[in-house]
Each structure stands twice: as C-alpha cells, then as structure tokens.
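# Observations on the three-dimensional arrangement
So the chains spell out like this:
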Amino acid sequence: MTNSIERTVDLRAPIDRVWRALTDHREFGQWFRVAIEQPFVVGQPATGHITHEGYEHVRWNVRIVAMEEPRRFAFTWHPYAIDPTVDYSQEEPTLVEFQLEPVGAGTRLIVTESGFDRIPAHRRDEAIRMNSGGWTAQVENIRAHVDAGVDG
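We now turn to the structure provided with this report. All of these numbers come straight from a predicted model, not from anything done at the bench.

### Topic: helix α1 (residues 15–23)
Burial analysis of α1 places seven of its nine residues in the buried class, which makes it a mostly covered element. Looking at α1, one finds that the buried residues are Ile15, Arg17, Val18, Trp19, Ala21, Leu22 and Thr23.

Quick look at the structure:
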C-alpha cells in the first residue's frame, strides 16, 4: 500500500509568483476552489467551504504547519473528509507539502501528501484514490493560475 501521493509540475511563473499563489489565502482559494475565511498563519487553522461543483457542502479544514518562504508551504488535513455526518477530528491527518525550486526562469512545484497509513483502513483506499486524482487536477489548476499572463 502506498503511504503518499506526489505530483511534480514545472511552471513558467517565477518562484515569488508561485509562492504568493500558495500562501495568500485568497489566491490559494481561487485556484484550489475553496472560499477560505482567514489568512494562513503557521500553527493556526484555516477553514472555509469548497466551491468545486458537487462539493459545496464540504467544510475545508486545515492546520498550517510551515511557511518557509519561498521554498516550502505545508498543512495537515483529513483527506477526502466529505461526509458531513462524520467527525474526522479523531483521525490522524495527512501532511500536504508544497516545495518550490527555481528552474530557469520558472518554478518546479512538488506537491506531496503523506501519512495515508494512519488513515482508518475502512476509508484509506478511497482517500488515496480520490486525493490522487485531486492532486492531478490541482497542479493543473495552479499552472493555469500562475502561468496566465507569463510570456511564453
């Protein structure tokens, strides 16, 4: 069984542009499709509502664990926690890390979600499957967001 998901994408945007897209809560919400209610602060929760069609009922809850400008942004969350009748707070969260590296005039973004081995067995496979597809979509969302207006 896999314990993590990793996606790598090379962006044409410079590292400072990608950093802002990741760490400004309003901008993050635009490409991630979530209405976030407060700025990101290390050690604090960030909450909101998913705005992606079909998931509007889902609360988005993360805890910011790192903002190491301009190289690493990380938070914990409960993966694929979409059932409003379930209290996921007793589960161990996974760790989501965004790592940035300069590549020429652009940026390599590596997104890793780890810790699936701590998710209850009855929902682990679905959480991995759904988040795997989710991260594939999200790296394309951030690419479209930050590369808009970048001369090619």
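### Some points on the side chain of Glu113
Counting through the fold element by element, Glu113 comes out in strand β7 (residues 106–114). For the buried residue Glu113, which engages in no salt bridge, the nearest side chain bearing the opposite charge is Arg123, 8.3 Å off. Other than its neighbours up to four places away in sequence, Glu113 contacts Asn3, Ser4, Ile5, Trp77, Pro79, Thr94, Leu95, Val96, Asn131 and Trp135.

### Focus: the packing of aromatic side chains
A full pass over the atoms with the stated rule returns 19 aromatic pairs. Pairing Phe32 with Trp135 gives two aromatic rings, centres 5.8 Å apart and planes at 55°, and the pair type is tilted. Residue Phe32 is located in helix α2 (residues 25–32), and its partner Trp135 is located in helix α3 (residues 121–147); the two are separated by 103 residues in the primary sequence. For the pair Phe32 and Trp135, a shared accessibility class is recorded, and that class is buried. Summarising the aromatic geometry, the rings of Phe73 and Phe75 are spaced 6.1 Å apart at their centres and angled 65° between planes, so their arrangement reads as edge-to-face.

### Re the layout of surface pockets
Of the pockets and cavities examined, the largest pocket occupies roughly 820 Å³. Forming the walls of the largest pocket are 27 residues, and the residues nearest its centre are Ile50, Val58, Trp77, Tyr80 and Ile82. Contributions of two or more residues to the lining of the largest pocket are made by β4 (59–68) and α3. No other element matches the seven residues that α3 contributes to the lining of the largest pocket. Residue classes in the lining of the largest pocket are distributed as 15 nonpolar, nine polar and three charged.

### Topic: the pairing of strand β3 (residues 45–50)
As paired elements, strand β2 (residues 34–36) and β3 share three bridges and run antiparallel to each other. Residue pairing across strands places Ala35 opposite His49, the latter belonging to β3. Relative to β4, β3 runs antiparallel, the two sharing five bridges. Each residue of the ladder has a partner; that of Gly48, found in β4, is Trp60.

### What about unusual backbone geometry?
Geometrically, the link from Glu69 to Pro70 is a cis peptide bond, its omega value of -5° lying close to zero. Among the structural elements, Pro70 can be located in the loop between β4 and β5 (72–77). If you check the backbone angles, Tyr80 has positive phi at about 45° while not being a glycine. Relative to the helices and strands, Tyr80 is located in the loop between β5 and β6 (94–103).

### Considerations on the environment of Val65
One can find Val65 in strand β4. C-alpha separation for the pair Val65 and Pro102, spaced 37 residues apart in sequence, amounts to 23 Å. Leave out the neighbours within four places in its chain, and Val65 touches Val42, Ala74, Phe75, Thr76 and Leu95.

### Remarks on the environment of Arg17
Positionally, Arg17 belongs in helix α1. Under the relative-accessibility criterion, Arg17 is labelled buried at 18%. Sequence separation of Arg17 and Ile82 is 65 residues, and the distance between their C-alpha atoms is 31 Å. Excluding its chain neighbours within four sequence positions, the residues that come into contact with Arg17 are Glu27, His145 and Val146. A polar side-chain atom of Arg17 sits 3.5 Å from a polar atom in the side chain of His145.

What counts and how
- Residues numbered from 1 in each chain as written.
- Predicted model: local features only at pLDDT ≥ 70, side-chain atom pairs only at ≥ 80, totals over all residues.
- Heavy atoms only, no water.
- Buried < 20%, exposed > 50% of the residue type's maximum accessible area, 1.4 Å probe, protein only.
- Helix = DSSP H or I, 4+ residues; strand = E, 2+ residues; numbered from the N terminus.
- Lys, Arg positive; Asp, Glu negative; His and termini not counted.
- Salt bridge = Lys/Arg side-chain N within 4 Å of Asp/Glu carboxyl O.
- Contact = heavy atoms within 4.5 Å.
- Phe/Tyr/Trp six-rings, centres within 6.5 Å; stacked < 30°, edge-to-face > 60°.
- 1 Å grid on protein atoms, 1.4 Å probe; cavity = no way out; pocket = protein on both sides within 12 Å on 5 of 7 lines; lining within 4 Å.
- Points joined across faces, edges and corners; volume = space filled by probe spheres on them.
- Nonpolar A, V, L, I, M, F, W, Y, C, P; charged D, E, K, R; others polar.
- Pairing = 2+ DSSP bridges.
- Polar contact = N/O pair within 3.5 Å; in protein donor to acceptor, adjacent residues only side chain to side chain.

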